[in-house]
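Coordinates in review
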Amino acid sequence: MSRQAKMIVAIICIGLGLFWNQIPDFINRARDTSSVSVSITEPSPNLQETVKDIPTLVTGDDAAKDKLLISDYFNQLANVVRDDPGLIDTTEKFRRFNSTAGQINFAGQSLKDKYNGLGKAIDALIKNAIGNDNVELNQEKRDQLVHLLKAIAWTLRQ
């Protein structure tokens, strides 16, 4: 296991140790979306067009609930990318953070592979925004990524 991976696991373990008693309350509040109101700014018409097909991939009995969960995740991911440039300073760190945070965020939700093509569609949009190479996440790329993530969150709430 790489040194960075060990560090991430250690941080997660410390966090769990510190907040173990608060986790059940946090999970209950997270699941009760009826009392939470999230306002996401409407993206540009160009971005609206770019993300318009994302909601059509989330269908079925749980679609409304799952769209809110996924929307909240991408909204918060955008906030982290925007507000903490020291944490995510390369495109590769973003990809790893997104993968790890997504697994943690959706643990126990049974969303993995639930919606055919959703993950691939979102990954393709992200790849189009920041490229496939590991490069510095400069301000221009960071802004592009944040706007895309917010647009994904926005479109899932429409």
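The structure we're discussing is the one just above.
Now for a quick tour of the structure. (Residues numbered from 1 in each chain as written. Predicted model: local features only at pLDDT ≥ 70, side-chain atom pairs only at ≥ 80, totals over all residues. Heavy atoms only, no water.)

Further remarks concern the nonpolar core. Counting residues in each nonpolar core, the largest one holds 35 residues, and the members touching the most others are Phe74, Phe94 and Leu149. Those elements giving two or more residues to this core turn out to be α3 (45-51), α4 (63-83), α5 (91-105), α6 (118-130) and α7 (139-155). Here leucine 149 is in contact with Phe74, Leu77, Ala78, Val81, Phe94 and Ile126, once residues within four sequence places are set aside. (Core = buried A, V, L, I, M, F, W, Y, C linked by side-chain atoms within 4.5 Å. Buried < 20%, exposed > 50% of the residue type's maximum accessible area, 1.4 Å probe, protein only. Helix = DSSP H or I, 4+ residues; strand = E, 2+ residues; numbered from the N terminus. Contact = heavy atoms within 4.5 Å.)

A surface patch of nonpolar side chains, amounting to about 480 Å² of accessible area, comprises Ile8, Ile12, Leu16, Trp20 and Ile104. In terms of residue count, the dominant contributor to the nonpolar patch is helix α1 (residues 3-19) (three residues). (Patch = residues over 30% accessible without salt bridge, like charges linked within 9 Å, V, L, I, M, F, W, Y side chains within 5 Å. Areas by Shrake-Rupley, 256 points an atom, 1.4 Å probe, with all protein chains shown as cover. Salt bridge = Lys/Arg side-chain N within 4 Å of Asp/Glu carboxyl O.)

Unusually for a residue other than glycine, serine 110 sits at a positive phi of about 55°. Mapped onto the fold, serine 110 is located in the loop between α5 and α6. Non-glycine residue aspartate 113 carries a positive phi angle of around 60°. Judged by relative accessible area, which is 70%, aspartate 113 ranks as exposed.

What follows is about α7. Here α7 contains 17 residues, and its C-alpha end-to-end distance of 24 Å stays within 8% of the 24 Å for a straight helix at 1.5 Å per residue. Looking at the buried residues of α7, the elements they touch are α3, α4, α5 and α6. Put simply, asparagine 138 is the residue that caps the front of α7, since its side-chain oxygen is 3.2 Å from the backbone nitrogen of glutamate 140. (Expected span 1.5 Å × (residues − 1). Polar contact = N/O pair within 3.5 Å; in protein donor to acceptor, adjacent residues only side chain to side chain.)

A separate point is the packing of aromatic side chains. Within this structure, the stated rule accounts for two aromatic pairs. Measuring from ring centre to ring centre gives 5.1 Å for tyrosine 73 and phenylalanine 74, while their planes differ by 80°; the resulting arrangement is edge-to-face. Accessibility expressed as a relative area gives 7% for tyrosine 73, which makes it buried. For phenylalanine 74, a relative accessible area of 6% puts it in the buried group. An aromatic cluster of three or more residues is present, and its members are Tyr73, Phe74 and Phe106. (Phe/Tyr/Trp six-rings, centres within 6.5 Å; stacked < 30°, edge-to-face > 60°.)

This part covers the environment of isoleucine 23. As for its placement among the helices and strands, isoleucine 23 is situated in helix α2 (residues 23-31). Owing to a relative accessible area of 23%, isoleucine 23 belongs among the partly exposed residues under this scheme. With 119 residues separating them in the primary sequence, isoleucine 23 and arginine 142 have C-alpha atoms 31 Å apart.

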